Amino acid sequence: MRKKYNPFLLPSWLRTVRSVSSQLIIPFCIFQGIRTLLLPTTFDVILLIVFVAIAVGFYLEII
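Let us look at the structure shown here.

What counts and what doesn't
Each chain has its residues counted from 1, following the order in which its sequence is written. Totals for whole chains, interfaces and linings use every residue, but because this is a predicted model, local features are given only for residues with pLDDT of at least 70 and side-chain atom pairs only at 80 or more, for both listing and counting. Side-chain numbers here rest on the full set of heavy atoms in the structure, without hydrogens or water. Think of it this way: any DSSP run of H or I at least four residues long counts as a helix, any run of E at least two long counts as a strand, and we number them from the N terminus. The size measure is the radius of gyration over C-alpha atoms, and the globule rule it meets is 2.2 Å times the number of residues to the 0.38 power. When accessible area is computed with a 1.4 Å probe and restricted to protein chains, residues below 20% of their type maximum are described as buried, those above 50% as exposed, and intermediate ones as partly exposed. Computed with the Shrake-Rupley method and a 1.4 Å probe, the accessible areas treat only the protein chains shown as cover for residues. A helix is expected to span 1.5 Å multiplied by its residue count minus one. Pairs of residues are marked as contacts when any of their non-hydrogen atoms sit within 4.5 Å. Nonpolar cores were defined as sets of buried Ala, Val, Leu, Ile, Met, Phe, Trp, Tyr and Cys residues, with membership established by side-chain atoms within 4.5 Å. Any two of the Phe, Tyr and Trp rings considered here, Trp counted by its six-membered ring, make a pair once their centres fall within 6.5 Å; the pair's planes then place it as stacked at under 30 degrees, edge-to-face at over 60, or tilted in between.

## Comments concerning the overall build of the protein chain
- Of the regular secondary structure elements, the protein chain holds 2 helices and 0 strands.
- Computed over the C-alpha atoms, the radius of gyration of the protein chain is 14 Å, more than 25% above the 11 Å expected from 2.2 N^0.38 for a compact globule of 63 residues.
- Taking the principal axes of the C-alpha coordinates as reference, the protein chain spans close to 40 × 25 × 15 Å.
- Across the 63 residues in the protein chain, those meeting the buried criterion constitute 16%.
- Counting only carbon and sulfur atoms, one obtains 74% of the accessible surface of the protein chain, whose full area is about 5,400 Å².

## Observations regarding helix α2 (residues 42-59)
- Over its 18 residues, α2 runs 26 Å from end to end, which matches the ideal 26 Å to within 8%, given 1.5 Å per residue.
- For α2, the secondary structure elements touched by its buried residues are α1 (12-38).
- Note on α2: the residue one or two positions beyond its end, Glu-61, has a positive phi of about 60 degrees.

## Focus: the nonpolar core
- Counting 5 residues, the largest nonpolar core is built from Ile-25, Cys-29, Phe-51, Ala-55 and Phe-58.
- Of all elements in the fold, only α1 and α2 reach the threshold of two or more residues within this core.
- The greatest single-element share of this core, amounting to 3 residues, is contributed by α2.

## Digging into the packing of aromatic side chains
- This structure, assessed with the given rule, holds 1 aromatic pair.
- Relative to Phe-51, the ring of Phe-28 has its centre 5.9 Å away and its plane inclined at 25 degrees; by these criteria the two rings are stacked. One end of the pair, Phe-28, is in helix α1; the other, Phe-51, is in helix α2, with 23 residues separating them in the sequence.
- The partly exposed category is assigned to Phe-28, whose relative accessible area is 42%.

What follows is the structure in structure tokens.
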């Protein structure tokens, strides 16, 4: 059985990094999506997939 995730057990600097990243990941996804639509390269598509996976991880509180 998996333990319940408690972000308050993390050090304060890591909570700050997690908070800032969760606020910035959506603008990065939007920018990368627009860039991928205009000039699609393999790197852009992979980077967009990684950003979306991180955003979903924050939304589901996995990260």
